[in-house]
Amino acid sequence: MNLHTMERELRQLKELIEEKVQHTFLLQHLEPPKVDEYKLYFLNYILNQTKIAPKVREQLIITTMLVQIALDIHEQIPDNKGETRPSISVDSQLSVLAGDYYSGLYYHLLAEIEEREYIALLAAAIKETNELKMVLYYIDEYSYDNVFEVKKQINSMLIKYVAEHLNVSQELSVIEELLMINYLIQSNETFFDIDKQTILKRLVTKTKGMIDELPSEVENFKQESVQLLHAIAYQHTASEMG
């Protein structure tokens, strides 16, 4: 697939996802949910390595991104940890409902194309994601390495399940690192007293090495990954300058 075709395909997928998440009442009270374009890119890449029919492939990508949006919305809700009588705001309640609404859409879409196996796959990914969030919440050894690893797993869990299910595994470790770099840039996440810039430099250096070590049979992915890494790094540099 050439670059122009891929860009058009990703743009069309994003538009379809944005159409699915339109809900008049929710959008009157909440910000429109964001589509993670890097996760969309990697999902599209993974599904394109298979012989799945185009229409089914499109539905699988859309439904996976709906689940991701739902998880992202739930993640943004304050946990009120440490409060004896937490007060749940109206916005938080609506966010819970929005997340549940978008989760429900994926069942409906997959049922339409009779993808029961994929429903079970996403359900398992959601279950493990929530289990890891509980691990993070009650973690005993609250060290940088432990917290960072759990965060990385949570951030790429859906991609991991889909990739492993479809036997697209050689590229997975690089995908996880690229997604984590983007996550750190986009979020206000802090890890103890370690400077964000220091963490990003470590990750970029590590990811470059991992890309170089990928086998020659995924040469196109290697080249695309280098371009993505540069794009993500430039995004960070631009935000710092701004």
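Quick summary incoming for the structure in this document.

Reading the values: the criteria
- Residues numbered from 1 in each chain as written.
- Predicted model: local features only at pLDDT ≥ 70, side-chain atom pairs only at ≥ 80, totals over all residues.
- Heavy atoms only, no water.
- Helix = DSSP H or I, 4+ residues; strand = E, 2+ residues; numbered from the N terminus.
- Contact = heavy atoms within 4.5 Å.
- Areas by Shrake-Rupley, 256 points an atom, 1.4 Å probe, with all protein chains shown as cover.
- Core = buried A, V, L, I, M, F, W, Y, C linked by side-chain atoms within 4.5 Å.
- Buried < 20%, exposed > 50% of the residue type's maximum accessible area, 1.4 Å probe, protein only.

### A few points about the overall build of the protein chain
- When helices and strands are tallied, the protein chain shows ten helices and zero strands.
- Ordered by position from the N terminus, the helices and strands of the protein chain form the series α-α-α-α-α-α-α-α-α-α.
- Sequence-distant contacts in the protein chain: of pairs separated by 6 or more residues, those separated by 24 or more amount to 71%.
- Accessible surface for the protein chain amounts to roughly 13,800 Å². Of this, 50% is attributable to carbon and sulfur atoms.

### Overview of the nonpolar core
- Ranked by size, the top nonpolar core spans 67 residues in total, and within it L40, F42, I46, V162, I181 and F221 carry the most contacts.
- In terms of residue count, the dominant contributor to this core is helix α7 (residues 144-165) (eleven residues).
- Ignoring anything within four residues of it in the chain, the contact list for F42 reads I175, L178, L179, F221 and L228.

### What about unusual backbone geometry?
- At N167, a residue that is not glycine, the phi angle is positive and equals roughly 60°.
- Position of N167 among the secondary structure elements: in the loop between α7 and α8 (172-186).
- The exposure class assigned to N167 is exposed, which follows from its relative accessible area of 68%.

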